[in-house]
Each structure stands twice: as C-alpha cells, then as structure tokens.
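Coordinates in review
Listed below are the residues making up each chain.
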Amino acid sequence: MGRGRAKAKQTKVARQLKYTNHNIDYDRLREELGADARREDIYPPTGSEQESERAQ
C-alpha cells in the first residue's frame, strides 16, 4: 500500500475539522483566557511606573 489511503484519510479528517460546527462557548473561552481582567491584575506595575505615578 502506498501513501494514497493515508493521505485520503488525512484529507477527510482535515475537512471534518474545518467545516464542522464545534459549538464554541465564546463567553466561557473569554473567561478562561482572562479577556475581561484588567491589565493591572495580569501585569502588576513595574517600579518605574509606580515612581511616575507618585511624581504626579
């Protein structure tokens, strides 16, 4: 057997993945990725940023 059957199966699987509706819950994904979190929660201010805030 050559590579023909393997390639046909890969093509079939790729088409299924590409065109199948996966019913993604975008709200849950957004929560998991932390898209709603504020920048300060994810990246605490650095020392230079804190000094510049104090100077104001």
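The structure displayed is predicted, hence computed values, not measured ones. (Residues numbered from 1 in each chain as written. Predicted model: local features only at pLDDT ≥ 70, side-chain atom pairs only at ≥ 80, totals over all residues. Heavy atoms only, no water.)

**Observations regarding the overall build of the protein**
Note the threshold: The helix and strand labels rest on DSSP assignments: H or I over at least four residues marks a helix, E over at least two residues marks a strand, and numbering proceeds from the N terminus. Each residue is placed in one exposure class: buried if its accessible area under a 1.4 Å probe, protein chains only, is under 20% of its type's maximum, exposed if it is over 50%, and partly exposed if it falls in between. To be clear on the numbers: accessible area is Shrake-Rupley with a 1.4 Å probe, and residue cover counts the displayed protein chains and nothing else.
Along the protein, the regular secondary structure elements total four helices and zero strands. Going residue by residue from the N terminus, the α and β elements of the protein occur as α-α-α-α. Counting only residues that meet the buried cut, the protein has 0% of its 56 residues in that class. If you sum the accessible surface of the protein, you get close to 5800 Å²; carbon and sulfur atoms cover 49% of it.

**Section: a nonpolar patch on the surface**
Where we set the bar: Candidates for patches are residues over 30% relative accessible area with no salt bridge; among them, like charges are joined within 9 Å and nonpolar side chains (Val, Leu, Ile, Met, Phe, Trp, Tyr) within 5 Å. Salt bridge, as used here, is a side-chain nitrogen of Lys or Arg placed within 4 Å of a carboxyl oxygen of Asp or Glu.
Judged by side-chain polarity, Ile24, Tyr26, Leu29 and Leu33 come together as a nonpolar surface patch covering roughly 440 Å² of accessible area. Mapping Leu33 onto the fold places it in helix H2 (residues 26-33).

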